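# Descriptive analysis of the structure
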Amino acid sequence: MIIYKDVIQKMTDAGYNVSRIRREKLLSQRTLSNIRHGETINLDSLNVICKLTGLPVEKLIEYVPDNE
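An account of the accompanying structure is given in this report.

About the thresholds
Residues numbered from 1 in each chain as written. Predicted model: local features only at pLDDT ≥ 70, side-chain atom pairs only at ≥ 80, totals over all residues. Heavy atoms only, no water. Helix = DSSP H or I, 4+ residues; strand = E, 2+ residues; numbered from the N terminus. Rg over C-alpha atoms; globule rule 2.2 N^0.38 Å. Buried < 20%, exposed > 50% of the residue type's maximum accessible area, 1.4 Å probe, protein only. Contact = heavy atoms within 4.5 Å. Areas by Shrake-Rupley, 256 points an atom, 1.4 Å probe, with all protein chains shown as cover. Core = buried A, V, L, I, M, F, W, Y, C linked by side-chain atoms within 4.5 Å.

Across its full length, the protein chain carries four helices and two strands. Counting helices and strands in the order they occur from the N terminus, the protein chain gives β-α-α-α-α-β. The C-alpha atoms of the protein chain give a radius of gyration of 12 Å, which matches the 11 Å a tight globule of 68 residues would have. Referenced to the eigenvectors of the C-alpha coordinate spread, the extents of the protein chain come out at roughly 40 × 20 × 20 Å. Taking all 68 residues of the protein chain together, 32% fall into the buried category. Sequence separation of at least 24 residues holds for 55% of the intrachain contacts in the protein chain that already meet a minimum separation of 6. A total of about 4800 Å² of accessible surface is found on the protein chain, and carbon and sulfur atoms cover 50% of it.

Okay, structure coming up:
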């Protein structure tokens with residue numbers, strides 16, 4: 001399972017709060033909602049987040065094996 005590491009806060013710290021992201025149409029509302037709820041996003045969205053924050057992907061997400 002992929003875990004998001006405070007992605008919304010990291011975008012805010014980089015100067016991209018949710019209002020700005022919506023206004024400038026940098027990410028869709030659905031993508032923001034998926035991040036908040038721990039659901040999947042596509043690689044294009046993850047690429048945008050990396051560009052906005054200036055952080056590598058490993059600072060934004062973590063893989064945790066499912067307990068099956």
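The structure having been displayed, the exposition proceeds.
Counting residues in hydrophobic clusters, the biggest one holds 17 residues, and the most contacted among them are Val7, Met11, Leu32, Ile35, Ile49 and Leu60. Elements supplying a minimum of two residues to this core: helix H1 (7-13), helix H2 (18-23), helix H3 (29-36) and helix H4 (43-53). The leading source of residues in this core is H4, at four residues. Excluding its chain neighbours within four sequence positions, the residues that come into contact with valine 7 are Ile35, Ile49 and Leu60.

Tracing the chain through its elements places threonine 12 in helix H1. Sequence-wise, threonine 12 and leucine 52 are 40 residues apart; in three dimensions their C-alpha atoms are separated by 9.6 Å.

Phi is positive for aspartate 6, close to 50°, though the residue is something other than glycine. Mapped onto the elements, aspartate 6 comes out in the loop between strand S1 (2-4) and H1. Positive phi outside glycine occurs at lysine 25, with the angle close to 50°. You can see lysine 25 is positioned in the loop between H2 and H3.

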